[in-house]
Amino acid sequence: MLINLLNPNYNLPRRHKLTNTSVPLTNEKLLNETKIKIKEEAISVCLTTDCWTSINNAIQSTNRSIIDEWQLNDKIVLVVSDNATYIKSATTNLQLKHFKCFAHSLNLIVQETIVGNFKRKISGKTPTKLLLYIATRRNSTFHRLDRFVELETTVKATVTIMNADLHILTPEEWKTCKELCPVLKQFDEVTKII
């Protein structure tokens with residue numbers, strides 16, 4: 001409507017033309033320009049990859065074809081990826097230097113230490129940990145809050161040793177959380193019945 005008001009003689013290109021002609025042509029043009037620029041100007045290149053579990057040979061052959069297609073053979077300084085053994089193995093088999101992603105390594109440390117502090121054994125059962133809020137799951141707020149209250153001692157202990165700028169719940173806020181649980185539990189039970 002707006003284009004028609006601005007210029008009634010202009011016809012917008014159809015989606016089919018954009019999808020099947022304009023976008024692929026622009027993509028091919030930019031891809032070729034980028035390959036030429038990298039071939040002519042790049043002195044060294046660092047590759048990064050993040051794949052789901054796959055067969056080592058598939059990753060290796062895919063990486064080899066990308067390296068050949070982009071003519072990167074003598075330019076690759078190192079490959080950065082997560083710490084998955086299949087990626088490290090594929091990189092080593094291609095005789096490339098592998099470097100572990102710092103952010104991924106840091107996340108693993110956080111998962112193993114801080115989150116690990118929230119786990120505890122309860123009478124021989126599997127460790128209990130905090131729950132995430134899942135918007136699509138009914139009563140997720142209740143289950144999350146109930147678990148949070150259940151792990152009050154662990155939460156308090158972990159927050160104190162974290163030395164981070166976190167909001168520490170006051171005794172009154174803990175009391176409110178504890179009082180909310182039985183109210184929300186009623187909704188949870190009704191939901192199960194329905």
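The model shown is predicted, which means the values in this text are computed figures rather than measured ones. (Residues numbered from 1 in each chain as written. Predicted model: local features only at pLDDT ≥ 70, side-chain atom pairs only at ≥ 80, totals over all residues. Heavy atoms only, no water.)

### Brief notes about the overall build of the protein
Here's step 1: Secondary structure assignment for the protein yields 8 helices and 3 strands.
Here's step 2: Across the 194 residues in the protein, those meeting the buried criterion constitute 22%.
Here's step 3: Relative to all contacts within the protein whose residues are 6 or more apart in sequence, the contacts with residues 24 or more apart total 56%.
Here's step 4: With the model as given, the accessible surface of the protein reaches about 15,100 Å², and the carbon-plus-sulfur share is 59%. (Helix = DSSP H or I, 4+ residues; strand = E, 2+ residues; numbered from the N terminus. Buried < 20%, exposed > 50% of the residue type's maximum accessible area, 1.4 Å probe, protein only. Contact = heavy atoms within 4.5 Å. Areas by Shrake-Rupley, 256 points an atom, 1.4 Å probe, with all protein chains shown as cover.)

### Regarding the sheet that holds strand β2 (residues 76-81)
Here's step 1: Strand order across the open sheet formed by 3 strands is β1-β2-β3, with parallel pairing between neighbours. Edge positions in the open sheet fall to β1 (45-49) and β3 (98-100), since each of these has one partner strand only. With strand direction ignored, the average angle separating the axes of adjacent strands in the sheet is 30°.
Here's step 2: Relative to β2, β1 runs parallel, the two being bridged by 5 bridges. Looking at the pairing, Leu 47 lines up with Val 79 of β2.
Here's step 3: Packing against the sheet, helix α4 (residues 85-93) makes contact with β1, β2 and β3, and its axis sits at approximately 155° to β3. (Pairing = 2+ DSSP bridges. Axes fitted to C-alpha atoms, helices over the stretch in contact; angles between N-to-C directions.)

### What to know about α4
Here's step 1: Of all the positions in α4, only Tyr 86, Ile 87, Ala 90 and Thr 91 are classed as buried. Burial along α4 is one-sided: seen end-on, the buried residues are contained in an arc of 135°. Away from its buried face by more than 90 degrees, α4 exposes Thr 85 and Thr 92. (Arc of directions from axis to C-beta.)

### A closer look at a nonpolar patch on the surface
Here's step 1: A grouping of Leu 2, Ile 3, Leu 6, Tyr 10 and Leu 12 is seen on the molecular surface, where their side chains present a nonpolar patch of about 530 Å² in accessible area.
Here's step 2: Relative to the assigned elements, Leu 12 resides in the loop between α1 (2-6) and α2 (15-41).
Here's step 3: Leu 12 sits in the exposed class, given a relative accessible area of 52%. (Patch = residues over 30% accessible without salt bridge, like charges linked within 9 Å, V, L, I, M, F, W, Y side chains within 5 Å. Salt bridge = Lys/Arg side-chain N within 4 Å of Asp/Glu carboxyl O.)

### So, the packing of aromatic side chains
Here's step 1: Per the counting criterion, the structure on display carries 1 aromatic pair.
Here's step 2: Plain terms: the ring middles of Phe 148 and Trp 174 are 4.9 Å apart, the flat faces sit at 10° to each other, and that makes the pair stacked. Highlighted residues: Phe 148 in helix α6 (residues 140-150) and Trp 174 in helix α8 (residues 171-193), separated in sequence by 26 residues.
Here's step 3: By relative accessible area, Trp 174 is classed as buried at 4%. (Phe/Tyr/Trp six-rings, centres within 6.5 Å; stacked < 30°, edge-to-face > 60°.)

### A look at the nonpolar core
Here's step 1: Within the largest apolar cluster, 8 residues are counted, these being Val 45, Ile 67, Trp 70, Leu 72, Ile 76, Val 79, Leu 94 and Leu 96.
Here's step 2: Sequence-distant contacts of Leu 96, defined by excluding residues within four places in its chain, comprise Ile 67, Ile 76, Val 79 and Thr 91. (Core = buried A, V, L, I, M, F, W, Y, C linked by side-chain atoms within 4.5 Å.)

### A few points about the confidence of the model for the protein
Here's step 1: The share of residues in the protein with pLDDT of 70 or more is 82%, and the mean pLDDT across the chain is 81.
Here's step 2: Between the elements of the protein, mean pLDDT differs from a low of 65, seen in helix α5 (residues 102-118), to a high of 91, seen in α2. (pLDDT = per-residue confidence, 0-100.)

### Observations regarding the packing of α6 against α8
Here's step 1: Their axes nearest at 9 Å, the elements α6 and α8 cross at an angle of 140°. It follows from the interaxial angle that α6 and α8 lie oblique. Where α6 crosses over α8, the two elements pack in a sense that is left-handed. Packed against α6, whose contacting residues are Phe 142, His 143, Leu 145, Asp 146, Phe 148 and Val 149, the element α8 presents Trp 174, Cys 177, Lys 178, Leu 180, Cys 181, Leu 184, Lys 185 and Asp 188 at the interface.
Here's step 2: When grouped by side-chain class, the residues that make up the contact of α6 with α8 number 9 nonpolar, 1 polar and 4 charged. (Parallel < 35°, antiparallel > 145°, perpendicular 65-115°, else oblique. Left-handed = near helix turned anticlockwise from the far one by under 90°. Nonpolar A, V, L, I, M, F, W, Y, C, P; charged D, E, K, R; others polar.)

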